[in-house]
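One letter stands for each residue in the lines below.
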Amino acid sequence: MVGGPATAVSNRVSRRQQGRWAEQEYQQAQVQAAPQPAAPPATTTPLTDDMSSKIDQLKQLGDLKAQGVLTEAEFAEQKRRLLG
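No experiment lies behind these values; they were computed from the predicted model shown.

Cut-offs and rules
Residues numbered from 1 in each chain as written. Predicted model: local features only at pLDDT ≥ 70, side-chain atom pairs only at ≥ 80, totals over all residues. Heavy atoms only, no water. Helix = DSSP H or I, 4+ residues; strand = E, 2+ residues; numbered from the N terminus. Buried < 20%, exposed > 50% of the residue type's maximum accessible area, 1.4 Å probe, protein only. Areas by Shrake-Rupley, 256 points an atom, 1.4 Å probe, with all protein chains shown as cover. pLDDT = per-residue confidence, 0-100. Phe/Tyr/Trp six-rings, centres within 6.5 Å; stacked < 30°, edge-to-face > 60°. Lys NZ or Arg CZ within 6 Å of the ring centre and 35° of its normal. Salt bridge = Lys/Arg side-chain N within 4 Å of Asp/Glu carboxyl O.

1. Quick look at the overall build of the chain
A count of helices and strands for the chain gives three helices and zero strands. By residue count, 5% of the 84 residues in the chain fall in the buried class. Put simply, the chain shows about 7,500 Å² of open surface, and 56% of that area lies on carbon and sulfur atoms.

Encoded structure:
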């Protein structure tokens with residue numbers, strides 16, 4: 001009976017490994033099912049449509065300046081008018 005003890009050990013190792021995999025799957029399922037923590041409250045005031053529009057316009061002005069379409073003086077004047 002040479003194969004008997006080896007088979008018993010092999011079966012025991014297989015069962016132990018299956019138990020470990022089942023435990024890992026269970027833990028992963030618990031992590032995925034856990035509710036996500038709420039986002040921390042914003043410390044800044046939310047942007048209004050008007051502020052968002054101004055930011056977009058400033059970005060466009062900055063792009064035009066970077067492309068060389070606007071000079072520094074023209075950029076400063078347009079920025080002053082926008083924020084004025």
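2. Describing the confidence of the model for the chain
The pLDDT averaged across the chain works out to 80; a share of 75% of its residues lies at or above 70. Within the chain, helix α1 (residues 3-33) has the poorest average pLDDT of any element, 77, and helix α3 (residues 72-83) the best, 91.

3. Digging into the packing of aromatic side chains
Tallied over the entire structure, the rule returns zero aromatic pairs. Taking NZ or CZ as reference, Lys 65 lies 4.9 Å from the ring centre of Phe 75, over its face.

4. Digging into the pattern of salt bridges
Across all of its chains, the model carries four salt bridges by this definition. Among the salt bridges present, the one from Asp 50 reaches Lys 54, with a minimum N-O distance of 3.8 Å. Taken together, the residues span about one helical turn, with Asp 50 and Lys 54 both in helix α2 (residues 49-67) at a distance of four residues. Since its relative accessible area comes to 28%, Lys 54 is described here as partly exposed. Across the pair Arg 81 and Glu 77 runs a salt bridge whose closest N-O atoms are separated by 3.0 Å. Of this pair, Arg 81 and Glu 77 both sit in helix α3, four residues apart, which is roughly one turn of the helix. When salt bridges with common partners are traced through the structure, they connect Glu 77, Arg 80 and Arg 81 into a single cluster.

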